[in-house]
Amino acid sequence: ELLGDARAPQDAAFVVSHRGGGALAPENTLPAVEAAIDAGFDYVEIDVALTADRVPVLMHDRTVDRTTDGHGSLASLTLAQVKELDAGSWFAPAYAGTRVPTLEEFLAVLGSSGRRALVELKGVWDAEAGAALIASLRAHDLERRVAIVSFNPQSLLATSGASDLVYRLLILRRLPHDIEQAVEGADARGILVDWRAVAKRPEIVTELHDAGLRVLVYTLNTDVEWQETTTAGVDGIVTDEPARLMEWQATT
Ligand code: G3P
Ligand code: CA
């Protein structure tokens with residue numbers, strides 16, 4: 001089951017490739033997602049935000065400047081305008097002409113792959129956008145293969161009325177005083193947390209497991225961190241180096 005209700009505590013943490021294919025291809029593009037699927041990583045993590053005409057597309061930043069040849073905030077551009085942008089040249093010439101994918105295009109690729117994903121909601125999602133997202137997951141039979149994650153509890157709640165099946169995780173930069181209350185307030189089933197917030201008291205992972213919550217960590221690219229988090233018993237590790245993490249798990 002998604003995020004391992006059937007996963008034994010001694011099992012390896014899920015490998016989650018960050019922003020599509022980790023560092024394999026331009027972030028949040030279909031080549032990145034396809035690379036992650038081909039490589040067999042457990043989960044692919046993508047960022048999703050809304051265009052001016054409220055179409056969800058894969059984009060991490062508020063503006064398109066860093067990851068495309070365009071300028072300005074994503075929320076000020078229509079889908080047609082976004083589709084004109086080159087989202088690959090900044091990464092490497094071989095990816096010139098790569099387009100910003102819509103969420104729909106991503107879900108179509110994921111749906112036929114049998115793989116799983118963390119879909120991170122960037123910006124603020126209202127109930128209408130949340131319900132449309134759930135409808136898309138359902139259309140691709142992905143309700144049990146996608147976890148929705150966000151720093152914003154309101155955006156998570158925007159997806160919560162529409163499905164009991166979809167798993168939600170609250171992303172945290174630091175631990176609040178009452179973690180369980182924060183998770184409950186977002187109708188989530190666990191946290192995706194910056195490991196630096198947990199590293200000094202790793203026992204919190206077991207405490208949260210005992211409370212029935214999942215604990216995933218981001219974004220860890222070194223053996224030392226993989227060892228620490230694996231010892232702490234985390235459920236999943238988001239990494240820019242998913243191929244190396246898989247190798248490390250196989251040899252540890
Ligand atoms: O998986 C969580 C992580 O992706 C959050 O950070 O900035 O890479 O979206 P960011
Ligand atoms: Ca992210």
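None of these values were measured; they are calculated from a predicted model.

For the rest of this paragraph, the subject is the overall build of the protein. Helices and strands together make up the secondary structure of the protein, namely nine helices and nine strands. By the compact-globule yardstick of 18 Å for 252 residues, the protein fits well, its C-alpha radius of gyration being 17 Å. Dimensions of the protein, computed from the C-alpha atoms along their principal axes, are close to 50 × 40 × 30 Å. Burial status across the protein gives 44% buried among its 252 residues. Within the protein, counting contacts between residues at least 6 apart in sequence, those at least 24 apart form 57% of the total.

When the UniProt feature table is mapped onto this chain numbering, "domain: GP-PDE" (unreviewed entry) sits at residues 13-249. Regarding residues 13-249, the helix share stands at 33% and the strand share at 19%, and the terminal C-alpha atoms are separated by 9 Å.

Attention now moves to the packing of helix H1 (residues 30-39) against helix H3 (residues 103-113). Between H1 and H3, whose axes approach to 11 Å, the crossing angle comes to 15°. Considering their axes alone, H1 and H3 lie roughly parallel with respect to each other. For H1 against H3, the interelement crossing comes out right-handed. Contacts from Leu30, Val33, Glu34 and Ile37 in H1 reach Glu105, Phe106, Val109 and Ser113 in H3. Residue classes in the contact of H1 with H3 are distributed as five nonpolar, one polar and two charged.

Close to ligand 1 lie His18, Glu45, Asp47, His60, Glu120, Ile171, Leu192, Tyr218, Thr219 and Val238. Residue composition of the shell around ligand 1, grouped by class: four nonpolar, three polar and three charged.

Side-chain alternation along strand S1 (residues 14-17) places Phe14 and Val16 on one buried face and Val15 and Ser17 on a second face that is also buried. In the sheet, S1 pairs with strand S9 (residues 236-239) via four bridges, with the strands oriented parallel. Opposite Phe14, over in S9, you have Gly236 as the bridge partner. In terms of strand pairing, S1 meets strand S2 (residues 43-50) through two bridges, oriented parallel.

Another point: the environment of Ser89. Inspection of the secondary structure assignment puts Ser89 in the loop between helix H2 (79-83) and H3. The exposure class of Ser89 is partly exposed, given the 16 C-beta atoms found within 10 Å. Along the backbone, Ser89 and Ser136 are 47 residues apart, and their C-alpha atoms lie at a distance of 30 Å. Residue contacts for Ser89: discarding those within four places in its chain leaves Asp69, Tyr95 and Ala96.

The subject of this paragraph is the confidence of the model for the protein. Model confidence for the protein is summarised by a mean pLDDT of 94, while 96% of its residues fall at 70 or above. The ipTM assigned to the predicted complex is 0.98, against a pTM of 0.96.

Attention shifts here to the nonpolar core. Counting 74 residues, the largest nonpolar core has Leu169, Ile191, Val217 and Ile237 as the members making the most contacts within it. The residues touching Ile237, leaving out its near neighbours within four places in the chain, are Ala13, Val15, Val16, Val217, Leu220, Trp226, Thr229 and Leu245.

Mapped onto the elements of the fold, Pro26 is located in the loop between S1 and H1. In this structure Pro26 comes out as buried when scored by C-beta crowding, with 25 C-beta atoms within 10 Å. Distance from Pro26 to Thr98, taken between C-alpha atoms, is 8.7 Å for residues 72 residues apart in sequence. Setting aside its immediate chain neighbours within four residues, Pro26 contacts Pro31, Ala32, Thr67, Ala87, Gly88, Phe91, Tyr95 and Thr98.

About the thresholds
Residues numbered from 1 in each chain as written. Chains lettered and ligands numbered in written order. Predicted model: local features only at pLDDT ≥ 70, side-chain atom pairs only at ≥ 80, totals over all residues. Helix = DSSP H or I, 4+ residues; strand = E, 2+ residues; numbered from the N terminus. Rg over C-alpha atoms; globule rule 2.2 N^0.38 Å. Buried ≥ 20, exposed ≤ 12 C-beta atoms within 10 Å, placed from the backbone. Contact = placed C-beta atoms within 7 Å. UniProt positions renumbered as here; feature names shortened; annotations may be inferred. Axes fitted to C-alpha atoms, helices over the stretch in contact; angles between N-to-C directions. Parallel < 35°, antiparallel > 145°, perpendicular 65-115°, else oblique. Left-handed = near helix turned anticlockwise from the far one by under 90°. Nonpolar A, V, L, I, M, F, W, Y, C, P; charged D, E, K, R; others polar. Near = placed C-beta within 6 Å. Pairing = 2+ DSSP bridges. pLDDT = per-residue confidence, 0-100. Core = buried A, V, L, I, M, F, W, Y, C linked by C-beta atoms within 7 Å.

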